[in-house]
Amino acid sequence: MTDATLLTRHKEALGLFTERVHAIRPGQWDEPTPCTEWSVRDLVNHLAVEQLWVPPLLDGSSIDDVGDSFDGDRLGDDPVAVWDAAEAAAREAFAAPGALDRTVELSSGPSDARGYCSQMVADAVVHAWDLARAIGADEHLPKPLVELVRREVEPYADSLAGTGLFAEAVDPPAGADAQTRLLAQLGRKV
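Residues numbered from 1 in each chain as written. Predicted model: local features only at pLDDT ≥ 70, side-chain atom pairs only at ≥ 80, totals over all residues. Heavy atoms only, no water.

Draft legend 1. The overall build of the protein, seen in detail. A tally of helices and strands in the protein yields 7 helices and 2 strands. The secondary structure elements of the protein, listed N-terminal to C-terminal, are α-α-α-α-β-β-α-α-α. Scaling as 2.2 N^0.38, a compact globule of 190 residues should have a C-alpha radius of gyration of about 16 Å, and the protein matches this with 16 Å. Along the first, second and third principal axes, the C-alpha atoms of the protein reach 45 × 40 × 30 Å. (Helix = DSSP H or I, 4+ residues; strand = E, 2+ residues; numbered from the N terminus. Rg over C-alpha atoms; globule rule 2.2 N^0.38 Å.)

The following block contains the structure:
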């Protein structure tokens with residue numbers, strides 16, 4: 001995949017999640033999500049915090065350098081504005097000249113920035129579905145994003161449930177489309 005395509009998919013994935021964030025009605029922030037431990041607010045906070053990590057990591061900061069700066073609820077009184085700012089900063093950081101050629105320190109160890117960007121796309125896409133399910137929004141995921149996420153998670157899909165971050169894979173219904181098969185692989189019951 002070319003860098004331009006990866007950056008396009010990254011922008012699309014963040015845009016998809018942003019659409020869902022902007023669709024949250026005031027009474028929905030405490031609603032449950034398919035991520036059994038998270039409310040809508042928890043899910044949006046998780047994604048916002050992930051975006052907040054992008055600029056310092058791409059700038060060469062280590063996890064120790066950042067420390068606990070992004071721990072806890074970062075959404076404050078205006079969760080949508082916090083999401084919008086975090087998303088814009090992450091998008092800008094990945095699009096900076098040479099950013100995808102860098103190495104970043106992740107909790108799993110050093111990673112190339114392209115791989116990191118692909119992981120961020122995957123997380124945004126899957127959680128866009130989670131958020132859509134939680135708030136009753138459109139659950140459709142664009143085919144190019146589903147294909148990128150499938151390629152990203154396929155090498156380690158069998159170990160995801162063991163991380164504690166994903167539920168066990170479920171069997172998709174017979175004849176399931178690519179989106180349904182991907183979500184089932186990631187423990188989502190569609």
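Draft legend 2. Layout of the nonpolar core. Grouped together as the largest cluster of nonpolar side chains are 54 residues, with contacts concentrated most on Val44, Tyr116 and Leu131. Of all the secondary structure elements, the ones that give two or more residues to this core are α1 (3–23), α2 (40–58), α4 (79–95), β1 (103–106), α5 (113–135), α6 (143–153) and α7 (178–185). It is α5 that provides the largest number of residues to this core, a total of 14 residues. In this structure Val44 touches Phe17, Val21, Ile24, Trp29, Leu75, Trp83 and Leu131, once residues within four positions along its chain are discounted. (Core = buried A, V, L, I, M, F, W, Y, C linked by side-chain atoms within 4.5 Å. Buried < 20%, exposed > 50% of the residue type's maximum accessible area, 1.4 Å probe, protein only. Contact = heavy atoms within 4.5 Å.)

Draft legend 3. Representation of the environment of Thr103 in the model. Positionally, Thr103 belongs in strand β1. For Thr103, a relative accessible area of 56% gives the class exposed. Spatially, the C-alpha atoms of Thr103 and Asp171 are 36 Å apart, while their sequence positions differ by 68 residues. What Thr103 contacts, discounting residues up to four positions off in sequence, is Pro110, Ser111 and Asp112.

Draft legend 4. The arrangement of the packing of α6 against α7 in detail. The contact between α6 and α7 brings their axes to 10 Å, and the two run at 35°. In this structure, α6 meets α7 at a crossing whose hand is left-handed. Counting all contacts with α6, which are made through Val146, Val149, Arg150 and Val153, the residues of α7 involved are Ala178, Gln179, Leu182 and Gln185. A class-by-class count of the residues in the contact of α6 with α7 yields 5 nonpolar, 2 polar and 1 charged. (Axes fitted to C-alpha atoms, helices over the stretch in contact; angles between N-to-C directions. Left-handed = near helix turned anticlockwise from the far one by under 90°. Nonpolar A, V, L, I, M, F, W, Y, C, P; charged D, E, K, R; others polar.)

Draft legend 5. Spotlight on α4. In this model α4 runs 24 Å from its N-terminal to its C-terminal C-alpha over 17 residues, within 8% of the 24 Å that 1.5 Å per residue would give. Those residues of α4 not exposed but buried are Pro79, Trp83, Ala86, Glu87, Ala90, Ala93 and Phe94. The arc that holds the buried residues of α4, viewed along the axis, is 130°, so those residues lie on one side. Tucked into the core, α4 has its buried residues touching α1, α2 and α5. (Expected span 1.5 Å × (residues − 1). Arc of directions from axis to C-beta.)

Draft legend 6. Geometry of the pattern of salt bridges. Under the definition given, this model contains 9 salt bridges. Asp3 is paired through a salt bridge with Arg114; the nearest N and O atoms lie 2.7 Å apart. Taken together, the residues span a long stretch of sequence, with Asp3 in helix α1 and Arg114 in helix α5 at a distance of 111 residues. You can call Asp3 partly exposed: its relative accessible area is 30%. Take Arg114: its relative accessible area is 29%, and that puts it in the partly exposed class. Measuring nitrogen to oxygen at the nearest pair gives 3.0 Å for the salt bridge that ties Arg9 to Glu12. Of the two residues, Arg9 and Glu12 both sit in helix α1, 3 residues apart, roughly one turn of that helix. Here Arg9 falls in the buried class, since its relative accessible area comes to 18%. We classify Glu12 as partly exposed; its relative accessible area is 34%. Three or more residues joined by partner-sharing salt bridges are found here, namely Asp3, Asp101 and Arg114. (Salt bridge = Lys/Arg side-chain N within 4 Å of Asp/Glu carboxyl O.)

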